[in-house]
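Structural description and commentary
Here's the letter readout for the chains.
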Amino acid sequence: RDCTLWQFGNGAAFQLGWYGKSISGISVSGIDMLHSETWWGPGDNLGFLNYAKAQATGVLSGEIRDLTFSNIHLEDKVLRLIGLTPESGQKIGGIRFTDVTIDSWRHDARSSERANYLEALNGGSIDGIIFENVTVGGQRLTQANSTTIGRFETRGDVSNIVFSSA
């Protein structure tokens, strides 16, 4: 609670890991991320919140749920807010972002390496992520603009992703 962060070039501010696990009941609030050094290889584990693909760690499953992030300010230019890639029975759900202000995206041009991504492939799943009162460059994210202004991409077993106003 109530922290100021300087984001370095490898890893997310909140990295959930690279292998199956079960965690729940985490609440984060009052975060001001001053700067984001955002390029390291393909950038697949960067952003504010990330769960990266398992890299040769064997098949482990688990459930990550009930995470709340509120009153978050991402200053300057950031690569992404969120990147999740659960596989092999890993479930992720019940995540809520409330009152998040993103000054701007790092790159003007859009590509899959610069997107917010929710990819649940090969037996993984994502269910129930709420983005409430999230703005990028002063524009509130909605269901209608989540793929353009928000740069969100989904693939695989992904459901109940909601963008709403307070």
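Basis of the calculations
- Residues numbered from 1 in each chain as written.
- Predicted model: local features only at pLDDT ≥ 70, side-chain atom pairs only at ≥ 80, totals over all residues.
- Heavy atoms only, no water.
- Core = buried A, V, L, I, M, F, W, Y, C linked by side-chain atoms within 4.5 Å.
- Buried < 20%, exposed > 50% of the residue type's maximum accessible area, 1.4 Å probe, protein only.
- Helix = DSSP H or I, 4+ residues; strand = E, 2+ residues; numbered from the N terminus.
- Contact = heavy atoms within 4.5 Å.
- Lys, Arg positive; Asp, Glu negative; His and termini not counted.
- Salt bridge = Lys/Arg side-chain N within 4 Å of Asp/Glu carboxyl O.
- Polar contact = N/O pair within 3.5 Å; in protein donor to acceptor, adjacent residues only side chain to side chain.

Overview of the nonpolar core
Phe-48, Ile-82, Leu-84, Phe-97 and Phe-131 are the most contacted members of the largest nonpolar core, which totals 33 residues. Broken down by secondary-structure element, the contributors of at least two residues to this core are strand S3 (23-36), strand S4 (49-51), strand S5 (62-78), strand S6 (82-84), strand S7 (90-105), strand S8 (116-120), strand S9 (125-136) and strand S12 (158-164). Leaving out residues up to four positions away in the same chain, Ile-82 has contacts with Leu-49, Phe-97, Asn-116, Tyr-117, Leu-118, Ile-129, Phe-131 and Phe-152.

Some thoughts on the side chain of Lys-21
Position of Lys-21 among the secondary structure elements: in the loop between strand S2 (14-15) and S3. Despite its burial, Lys-21 remains without a salt bridge, the nearest opposite charge being carried by Glu-87 at 13 Å. A polar contact of 3.3 Å, which involves the side chain of Lys-21, links it to the backbone oxygen of Tyr-19. When neighbours within four sequence positions are excluded, Lys-21 is seen to be in contact with Leu-16, Tyr-51, Ser-61, Gly-62, Glu-63, Ile-64 and Gln-90.

Focus: the environment of Ser-24
Relative to the elements of secondary structure, Ser-24 occurs in strand S3. By relative accessible area, Ser-24 is classed as partly exposed at 49%. Each C-alpha atom of the pair Ser-24 and Ile-92 lies 10.0 Å from the other, and the pair is 68 residues apart in sequence. Residues in contact with Ser-24, not counting those within four places in the same chain, are Arg-65 and Asp-66.

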